[in-house]
Amino acid sequence: IDREYILEEGGGQYDGEEDAYYESPTRTAFLKLVPSLVKLLRNLLSMGYSPDHDVGGISDPFLQVQILTLLRLLGANDVKASEEMNDVLAQVATNTETSKNAGNAILYECVQTIMAVESDDGLRVLAVNILGRFLLNRDNNIRYVALNTLAKCIADGAHAGRSGDGGGENGEDANTAASALQRHRTTVVDCLKDPDISIRQRALELIYHLVNQENVEALTAELLNYLVLCPRDHRGDICSRVLKVVDKFSPEDRWRVDTLITMLTIAGRECESSVQSATTIYISQSSEDLRAYAVHKLLKAIRDDDGSQQGLLNVGIWSIGEYGDLLLKPYSYNPPSSGGNLSEVAELSAMAPESAPVTVSFMALEPTSVVEIVEEVMKRHTCPLEVKQRALTCFTKLRERFENSADAATLEKIQNLVKKYEGSSSLELQLRSCEYGALINAIKGVSVKGGDGDDIFGANQGSESVSETVKTAAKEALARMPVVDIKLIQRKRAERADALMEGDAMDPFDAGSSDDAAPAPSSSGGGDLLDLNDIFGGGGPAAPVATQNGNALKAPSAKIEATPNNDVDLLADIFSAPAAPAPAPVATPAVGGFDIFGGGQPAAPAPAIQNNMFATQPVAVNPAPSLGSSLVDPFAAPTPSQPLQPSAPAAIPSSPAAVGGPTPSSVTVQGFSHQGLTVEFESSKPDTWNKQNSLLVAKFINTTDAPLYGLHLQVAVPKYVTMEMKPPTSTTVPVTGGSSTKQVTQTISVTNTMLGTKNLMLKLKASFTSKGTKVEHLA
């Protein structure tokens, strides 16, 4: 007997739709038989011994199970039918014998029916109590069924309460069932100690549904105890779930940090990186007092660990590097006597009434002891490479933290530990060792020479000392990391996901319109559109331009100008060529302009300027162009009216007679110039057989009278462009024009997979420090 059968008998077809089921004529006909079914079930309960139908002292259990199943289908979402069967369900639940399996089968089906129909609160509590008695049964099959049913009932009730289906009754019923289940919490927790792994897993799933604000501390402690005994392949999932529980129901910050550190000491080897990241974020967001407690406890855990818990080592070494100065002070903490569950506090008081409040104390450590503990971790042969990298960062930061508290021998030892890996076979360790050594020397005021004899910072200009600006920049690099606002990050991710799900949100890198049609404005005003500005968190939208894909567009209407956030306008505005009015037709010879990477193929005359070096279409040049906009395409060859860069080996000719020359190997165009930093791109095609590949060499020019520090260039590309970006040759840009200075460059390899259809477009964000002032610029 099921819903599909009822619908097919009624002439309908079962399509999975609940409304179709509840409104079927077959179900309506069966609803009239509910009183008869209730009477039949009541007669079975009061019937005496019948040798033909009796099973283990139960009268016809098979018929009772089938009647209960049919009542469950008919009473779902039907208040009247549910009221008619409530009394008989209560009789079945209270009068059925539980010593035999036949009685347990009837009770199990009765519980399923009570949970499915519109029963009152008392019946639901009775059903949960029956399942609680099942948990005390010695038969593992019955216990497994009880755990599975309880988890399903609580999960379905919580879902109904959140969705609000059926009014307020579902939410109240869910709360009632959950409250009744809390009385059997101890029995469920005892199932975690069962030898059967299936029982333990089902109990674990149920405990996740039992956690709330009142019992989070007690149940989390049970989960941590189970974490010690469970199989290793299950620990990663349990750690992630404990993190969710702690994040949602944590009563205070100290308890949250304490729980996560304890979990890392138990399963730091199996926990995911998200658990480690969350722990570091919680520690960084906490108060100075809680940071001191966390770093003291982590140091003790690392000292007692055998080196196998990598997650603990990662979090602990990071915390020691960030807050190592707090280890030099003693710390004590008195836990509040009212912490935790009130019943637990009363139980502890009854067990040990004479016990005084426990005080957690940590002694102050010497800088040498801190360094030796971290050094001992790195000396282990089993120490992972990731931990060694964090330890190098830790040593470098401890050198700055212990500047005024450690003796000269300890500071020298720290620097030697950093230099130890300058010849490491690991490129990452070698690079970090060299860079961190330079930072330490900069703080000490020692100028570091590179392999070619130049200062590694490019700032001493022949002097053996380091300027105060360099010292300040080095100390800023080793200062404490800023606090990460995880809620802000999650909110931005959610907003971006919502924007992508909206029907009017267009693909940020898809033009979506033809060359001769103006783009339609977004109905939402463009506020939800994603563009390249969003990648760097840029400010307002860019102004619209009149060019698209290298071709002149029709004059935009006033309506389009009022909505500049359209994605076509934004992408066209990033690096598009300036618009030009259509000139009078000019007689063009058979051999017109040429594409500087197209092998000099002739092209038909065009009424507009096309200055894109990555376009496959030929270039037609107007002898006297008129610039209609101040925007300049940094990847377009300069027009005759613009001054050419000195390093440009070739330019678009101004007359057809110059077309016969060789194809230029590269072209230099200006990216942007802001507060003394000028960026030029030397663009070339590395592969003659593949025109999609382009090599961009960014050259950084410093026109100020002081070096620029902390150079960081970020580049965003549309999704049809692939990019490989190498690090700059230096993060310090010296004053351009010096006799012993080297120009700072950065190589970018790009591939335009839609060459000929869409142009190459980049969005740049540069950040640097000029004379102690942090500067950021979008271009």
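Sequence order sets the numbering: in each chain, residues are counted from 1 along the sequence as written. Local features in this predicted model are restricted to residues of pLDDT 70 or higher, and side-chain atom pairs are both shown and tallied only at a pLDDT of 80 or more, whereas totals for entire chains, interfaces and linings draw on every residue. For side-chain calculations, the full set of non-hydrogen atoms in the structure is used, while hydrogens and water are omitted.

J.: Quick one: what's the story with the overall build of the protein, residue by residue and with numbers?
T.: Helices and strands together make up the secondary structure of the protein, namely 28 helices and 14 strands. Across the 779 residues in the protein, those meeting the buried criterion constitute 46%. Per-residue accessibility takes into account occlusion by the displayed protein chains alone, with areas from the Shrake-Rupley method and a 1.4 Å probe. Looking at the protein as shown, the accessible area adds up to about 38100 Å², and 52% of this sits on carbon and sulfur atoms. Counting from the N terminus, the helices are DSSP H or I runs at least four residues long and the strands are E runs at least two residues long. Only protein chains enter the accessibility calculation, which uses a 1.4 Å probe. A residue is then buried if its area is under 20% of the maximum for its type, exposed if over 50%, and partly exposed in between.

J.: Describe the confidence of the model for the protein, listing the residues and the values that go with them.
T.: Close reading of the predicted structure is inappropriate where its pLDDT is low. One number per residue, pLDDT, summarises how confident the predictor is, and it ranges from 0 to 100. Averaged over the protein, the pLDDT score is 74; the fraction of residues at 70 or greater is 67%. Put simply, helix α27 (residues 558-561) is where the protein has its lowest mean pLDDT, 38, and helix α18 (residues 310-323) is where it has its highest, 94. Contacts from residues 164-175, a stretch scored under 50 in pLDDT, to residues over four places away or in other chains number 10 contacts. Residue contacts follow a heavy-atom distance rule, with two residues in contact if any of their heavy atoms lie within 4.5 Å. Within the model, pLDDT remains below 50 along residues 503-663, and this stretch shows 265 contacts once partners closer than five positions in the same chain are excluded.

J.: Quick one: what's the story with the pairing of strand β9 (residues 693-702), residue by residue and with numbers?
T.: Across the 10 residues that make up β9, a large majority, 9, are buried. The rule for pairing is simple: two strands pair if DSSP sees at least two bridges between them. Of the pairings in the sheet, the one linking strand β8 (residues 677-684) to β9 comprises 8 bridges and is antiparallel in character. Note that in β9 the partner of S684 across the bridge is L695.

J.: Before we move on, could you go through the packing of aromatic side chains and cite the residues and values that matter?
T.: Paired rings are identified among Phe, Tyr and Trp, the last through its six-membered ring, by centres lying within 6.5 Å, and are further divided according to the angle between planes into stacked (under 30 degrees), edge-to-face (over 60) and tilted (the rest). One pass over the full model with this rule turns up 4 aromatic pairs. Between Y293 and Y331, the aromatic rings sit 6.0 Å apart at their centres with planes inclined by 45°, giving tilted as the arrangement. You can see Y293 sitting in helix α17 (residues 288-304) and its partner Y331 sitting in strand β3 (residues 331-333), a full 38 residues away along the chain. Residues Y293 and Y331 agree in their burial class; the two are buried. Ring geometry for Y293 against F362: centres 6.2 Å apart, planes inclined by 65°, an arrangement best described as edge-to-face. One end of the pair, Y293, is in helix α17; the other, F362, is in strand β4 (residues 360-362), with 69 residues separating them in the sequence. With respect to burial, Y293 and F362 carry one shared label: buried. Counting every residue linked through ring pairs, the aromatic cluster contains Y293, Y331, Y333 and F362. One Lys or Arg, R254, reaches over the ring of Y333 and ends 3.7 Å from the middle of that ring. Just above the ring of Y282 sits the side chain of R256; from NZ or CZ to the centre is 4.6 Å. Lysine and arginine charges are scored as sitting over a ring when NZ or CZ, respectively, is within 6 Å of the ring centre and within 35 degrees of the ring normal.

J.: Quick one: what's the story with the sheet that holds strand β7 (residues 666-674), residue by residue and with numbers?
T.: Pairing is antiparallel in the open sheet, where 5 strands are placed in the order β7-β8-β9-β12-β11. The open sheet has two free edges, formed respectively by β7 and β11 (721-725), since each of these has just one partner strand. With direction set aside, neighbouring strand axes in the sheet form an average angle of 25°. Axes here refer to lines fitted to C-alpha atoms; in helices the fit is confined to the stretch in contact. Angles between the N-to-C directions go from 0 to 180 degrees.

J.: Kindly report on the packing of helix α4 (residues 34-46) against helix α5 (residues 61-75), identifying the contributing residues and their values.
T.: Across the interface, α4 lies against α5 with an axial gap of 10 Å and an inter-helix angle of 150°. Accordingly, the angle class assigned to the pair α4 and α5 is roughly antiparallel. α4 and α5 meet at a crossing whose hand is left-handed. Of α5, the residues touching α4 (which contributes V34, L37, L40, L41, L44 and L45) are L63, Q64, I67, L68, L70, L71 and L74. Any residue outside Ala, Val, Leu, Ile, Met, Phe, Trp, Tyr, Cys, Pro, Asp, Glu, Lys and Arg is labelled polar, Gly included; the first ten of those are nonpolar and the last four are charged. Residues of the contact of α4 with α5, tallied by class, amount to 12 nonpolar, 1 polar and no charged. Angle categories: roughly parallel below 35 degrees, roughly antiparallel above 145, roughly perpendicular from 65 to 115, and oblique for all the rest. Crossings are assigned a handedness: left-handed for a near helix turned anticlockwise from the far helix by less than a right angle, right-handed for a clockwise turn.

J.: Tell me what's going on with the environment of S467, and back it up with residues and numbers.
T.: Positionally, S467 belongs in the loop between α23 (427-444) and α24 (468-477). Note on S467: relative accessible area 32%, which makes it partly exposed. Each C-alpha atom, one on S467 and one on A442, is 8.8 Å from the other, the two residues being 25 residues apart in sequence.

J.: Kindly report on helix α13 (residues 216-229), identifying the contributing residues and their values.
T.: Its 14 residues give α13 an end-to-end C-alpha distance of 20 Å, which sits within 8% of 20 Å, the value for a rise of 1.5 Å per residue. Here α13 has its buried residues at V216, A218, L219, T220, L223, L224, Y226 and L227. Here a helix's expected span is defined as the number of its residues, less one, multiplied by 1.5 Å.

J.: If you had to explain the sheet that holds strand β14 (residues 773-778) to someone new, which residues and values would you point to?
T.: Pairing is antiparallel across the open sheet formed by 3 strands, whose spatial order is β10-β13-β14. Because the sheet does not close on itself, it has two edges, and the strands there are β10 (708-716) and β14. Going across the sheet, the axis of each strand differs from the next one's by a mean of 10°, ignoring polarity. Note that β10 and strand β13 (residues 763-770) share 7 bridges and pair antiparallel. Opposite L713, over in β13, you have A766 as the bridge partner.

J.: Just give me the short version of the nonpolar core, but keep the residues and values in it.
T.: Residues belong to one nonpolar core when they are buried, are Ala, Val, Leu, Ile, Met, Phe, Trp, Tyr or Cys, and are joined through side-chain atoms within 4.5 Å. Counting residues in hydrophobic clusters, the biggest one holds 134 residues, and the most contacted among them are M85, L227 and I320. Listed in part, the 28 residues of the second largest apolar core include V669, L696, L762 and F768.

J.: Could you give an account of the pattern of salt bridges, naming the residues involved and the relevant values?
T.: Salt bridges are defined as contacts in which a side-chain nitrogen from Lys or Arg sits within 4 Å of a carboxyl oxygen from Asp or Glu. Counted according to the given criterion, the structure contains 26 salt bridges. Linking D194 and R143 is a salt bridge whose minimum nitrogen-to-oxygen distance equals 2.7 Å. In this pair, D194 is assigned in the loop between α11 (185-190) and α12 (197-210) and R143 in helix α9 (residues 140-163), connecting sequence segments 51 residues apart. With respect to class, D194 is no different from R143; both count as buried. Measuring nitrogen to oxygen at the nearest pair gives 3.6 Å for the salt bridge that ties K379 to E375. Remark: E375 and K379 occur in helix α20 (residues 367-379); sequence separation between them is 4 residues, near one turn of the helix. When salt bridges with common partners are traced through the structure, they connect R232, R235, R269 and E270 into a single cluster.

J.: Please give an account of the environment of D190 that cites residues and values.
T.: Relative to the helices and strands, D190 is located in helix α11. What makes D190 partly exposed here is its relative accessible area of 42%. Spatially, the C-alpha atoms of D190 and A203 are 8.7 Å apart, while their sequence positions differ by 13 residues.

J.: Outline the side chain of E270, supporting the account with residue identities and numerical values.
T.: With respect to the helices, strands and loops of the structure, E270 is situated in the loop between α15 (253-267) and α16 (273-285). Within the structure, E270 has its side chain in polar contact with the side chain of R232 (distance 3.0 Å). Ignoring anything within four residues of it in the chain, the contact list for E270 reads R232, R235 and G236. Under this definition, polar contacts are N or O atom pairs within 3.5 Å; protein pairs additionally need one hydrogen-donor-capable and one acceptor-capable atom, and for neighbouring residues in sequence, both atoms have to be side-chain atoms.

J.: Give me the lowdown on unusual backbone geometry, citing residues and values where you can.
T.: Notably, N77 is not glycine yet its phi reads approximately 60°, a positive angle. Note that N77 resides in the loop between α5 and α6 (79-95). Exposure remark for N77: the relative accessible area of 54% places this residue in the exposed category. One non-glycine residue, Q675, adopts positive backbone phi at about 50°. Along the chain, Q675 falls in the loop between β7 and β8.

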